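Topology and contacts: notes
Listed below, chain by chain, are the residues.
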Amino acid sequence: MQAVIDKLERTHNLSDDEFAALLAPISADDEKYLSQRACHVREKYYGKDVYIRGLIEFTNYCRNNCYYCGIRRDNAHAQRYRLTAEQILSCCHTGYQLGFRTFVLQGGEDAYFTDERLCQLIQEIKRRHADCAVTLSIGERSKESYQRLFAAGADRYLLRHETVDKAHYEQLHPAELSHSHRLQCLRDLKEIGYQVGCGMMVGSPGQTLNCLIKDLRLLQELQPEMVGIGPFIPQHDTPFAQEAGGTAAMTVRLLSIIRLLLPHVLLPATTALGTIDPKGREKGLLAGANVLMPNLSPTEVRKKYALYDHKICTGEEAAECVRCLAARVESTGYKIVVSRGDHITKEGLYHANQSHPNPRTDHKAI
Ligand code: SAH
């Protein structure tokens, strides 16, 4: 197996059979070798730095009805909320003082947030925090809308593809959502010039080994700057309430594979991984991940953004989260830095929104 791992590191490619072998149960020695190679590659480009992103879950209204998601339209038990612009700006203010230089605005697909409202908000965040990056994670929109948001100063966009296998996509989503539209959105975002993140849920109902191999092929083709993966975790008010969840072991394995596939990728150890395993985020960092996305949302709304059950860090203040995470990161031998943490291109240059050049902040340790 080590020869296969070496091949992946060297060529960033494997045959389907080799991917399948790497995703099947492997020996503890092979597992260790895989994560060591992934960490080696990550350190080659990003050193020991861990980038933090302040996640602001600004609305849980959603027009969509994804079968897995707790904020789906038909979940009458979800207590809906929407943060005001002032509340969002106040989260950014708190986050800035805690050392965040990226803010991620994530939410359901909420029609209240028109291009106009979002552009105003993005511009105001940029005006107040010129050295920060803004990442959006607000689902599918038209190319024109993505263009306007980019022109307003948004730097990055997270849109997980969830699964690239069409039949599997249709198992996870109602017919009103289309697999091809999701992929088109990702291509549009890339074309516009965003740093783009896609990714899949690990262990979602109906996912086969073949689905995962196809997902890896999509990553090869799209060459996203970021990849967000996390285990599927059932949510009690969704049609998938009784389904089995994904595992930490498979998620961690995939993080290492993705690091070797896309050496420069920005790869978060997600909150979902930390939810199913108390040491999940540390394990993710030790498998090749280099990003953490702590919650900056006001404490009073955190429990309401219940995509899945038992989500961690819903009771703490942002400052407590950062202290706790800093200790966790230190235990891995890595360190959280105060930095936008942009993607490094193959040429070693930072990939920033050219319409809004932003100074790169020093990589100060906190
Ligand atoms: N509405 C936006 C972003 C919010 S959802 C969008 O569609 O992109 C963010 C991510 O949470 C989703 O892409 C999905 O991968 C993940 N997610 C949703 N429900 C989940 C669950 N039950 N378990 C694990 N991850 C989930």
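Bear in mind that the values here come from a model prediction, so they are computed numbers and not experimental data.

Topic: the overall build of the protein chain
If you tally the helices and strands in the protein chain, you get 14 helices and 12 strands. In summary, the protein chain has a C-alpha radius of gyration of 19 Å against a globular reference of 21 Å for 366 residues, a match within 12%. Principal axes of the C-alpha set define a box for the protein chain whose edges measure 55 × 45 × 40 Å. Taken over 366 residues, the protein chain has a buried fraction of 60%. When contacts within the protein chain are restricted to residue pairs at least 6 apart in sequence, long-range pairs at least 24 apart make up 75% of them. Counting every atom, the protein chain has about 14,600 Å² of accessible surface; 52% of that belongs to carbon and sulfur.

Digging into the packing of aromatic side chains
Tallied over the entire structure, the rule returns eight aromatic pairs. Seen in terms of ring centroids, Phe232 and Phe240 are 6.2 Å apart; in terms of plane orientation they differ by 90°. Their pairing is edge-to-face. Of the two residues, Phe232 and Phe240, both sit in the buried class. One aromatic cluster is present, formed by Tyr146, Phe150, Tyr157 and Tyr194 through successive ring pairs. Taking the ring centre of Tyr334 as reference, the NZ or CZ of Arg42 above it sits at 4.0 Å. A cation sits over an aromatic face here: Arg117 above Tyr112, 3.9 Å from the ring centre.

Examining helix α5 (residues 115–128)
Between its terminal C-alpha atoms α5 stretches 20 Å, which fits the 20 Å expected from 14 residues at 1.5 Å a residue. Tucked into the core, α5 has its buried residues touching β2 (54–59), α4 (85–97), β3 (102–107), β4 (133–137) and α6 (143–151).

Some words on the packing of α5 against α6
Relative orientation of the contacting elements α5 and α6 amounts to 20°, with a least axis distance of 9 Å. By the angle between their directions, the pair α5 and α6 is classed as roughly parallel. Relative to α6, α5 is oriented so that their crossing is right-handed. On α6, the residues touching Asp115, Leu118, Cys119 and Ile122 of α5 are Ser145, Arg148 and Leu149. Of the residues that constitute the contact of α5 with α6, the class distribution is four nonpolar, one polar and two charged.

Observations concerning the nonpolar core
Core analysis: the biggest nonpolar cluster contains 98 residues, and Ile56, Phe58, Leu136, Tyr194, Leu216, Leu254 and Ile258 have the highest contact counts within it. Counting residues per element, this core draws most heavily on helix α10 (residues 248–261), at nine residues. In this structure, Tyr51, Val104, Leu266 and Ile344 belong to the second largest nonpolar core, which totals 11 residues.

What to know about the packing of helix α2 (residues 16–23) against α10
Axis separation between α2 and α10 bottoms out at 10 Å; the angle between their running directions is 140°. Classed by the angle they form, the pair α2 and α10 counts as oblique. Residue-level inspection shows Phe19, Leu22 and Leu23 of α2 in contact with α10, the latter providing Met250, Arg253, Leu254, Ile257 and Leu261. Tallied by class, residues from the contact of α2 with α10 come to seven nonpolar, no polar and one charged.

Re the sheet that holds strand β8 (residues 226–227)
Reading across the sheet, the six strands line up as β2-β3-β4-β5-β6-β8 and stay open at both edges, with parallel pairing between neighbours. Each end of this open sheet is capped by a strand with a single partner; those strands are β2 and β8. Where strand β5 (residues 156–158) lies against strand β6 (residues 195–198), three bridges are found, and the strand directions are parallel. Opposite Leu158, over in β6, you have Gly197 as the bridge partner.

Quick look at the site of the ligand
Residues in contact with the ligand amount to 18 residues; listed here are only the nearest, Tyr68, Gly107, Arg160, Glu162 and Ile233. Measuring from a nitrogen atom of the ligand, one finds a backbone N or O atom of Gly107 at 3.0 Å. Between Ile233 and the ligand, the recorded distance is 2.7 Å, taken from a backbone N or O atom to a nitrogen atom. With the chains in place, 92% of the 550 Å² that the ligand exposes on its own is no longer accessible.

Brief notes about the pairing of β4
Burial runs high along β4: five of the five residues are buried. Where burial is concerned, the two faces of β4 agree: the one with Ala133, Thr135 and Ser137 and the one with Val134 and Leu136 are both buried. Pairing analysis gives five bridges linking β3 to β4, with the strands arranged parallel. The partner of Thr102 across the bridge, within β4, is Ala133.

A closer look at the confidence of the model for the protein chain
Per-residue pLDDT for the protein chain averages 95, and the proportion of residues at 70 or more is 95%. Confidence drops under a pLDDT of 50 for residues 358–366, and excluding neighbours within four residues, the segment shows 32 contacts in the predicted structure.

Some words on α10
Its 14 residues place the ends of α10 20 Å apart at the C-alpha level, agreeing with the 20 Å of an ideal helix rising 1.5 Å per residue. The buried count for α10 comes to 13 of 14 residues, which makes it a mostly enclosed element. Looking at where α10 begins, the residue whose side-chain oxygen comes 3.1 Å from the main-chain nitrogen of Met250 is Thr247.

Parameters at a glance
- Residues numbered from 1 in each chain as written.
- Predicted model: local features only at pLDDT ≥ 70, side-chain atom pairs only at ≥ 80, totals over all residues.
- Heavy atoms only, no water.
- Helix = DSSP H or I, 4+ residues; strand = E, 2+ residues; numbered from the N terminus.
- Rg over C-alpha atoms; globule rule 2.2 N^0.38 Å.
- Buried < 20%, exposed > 50% of the residue type's maximum accessible area, 1.4 Å probe, protein only.
- Contact = heavy atoms within 4.5 Å.
- Areas by Shrake-Rupley, 256 points an atom, 1.4 Å probe, with all protein chains shown as cover.
- Phe/Tyr/Trp six-rings, centres within 6.5 Å; stacked < 30°, edge-to-face > 60°.
- Lys NZ or Arg CZ within 6 Å of the ring centre and 35° of its normal.
- Expected span 1.5 Å × (residues − 1).
- Axes fitted to C-alpha atoms, helices over the stretch in contact; angles between N-to-C directions.
- Parallel < 35°, antiparallel > 145°, perpendicular 65-115°, else oblique.
- Left-handed = near helix turned anticlockwise from the far one by under 90°.
- Nonpolar A, V, L, I, M, F, W, Y, C, P; charged D, E, K, R; others polar.
- Core = buried A, V, L, I, M, F, W, Y, C linked by side-chain atoms within 4.5 Å.
- Pairing = 2+ DSSP bridges.
- Near = heavy atom within 4 Å.
- Polar contact = N/O pair within 3.5 Å; in protein donor to acceptor, adjacent residues only side chain to side chain.
- pLDDT = per-residue confidence, 0-100.

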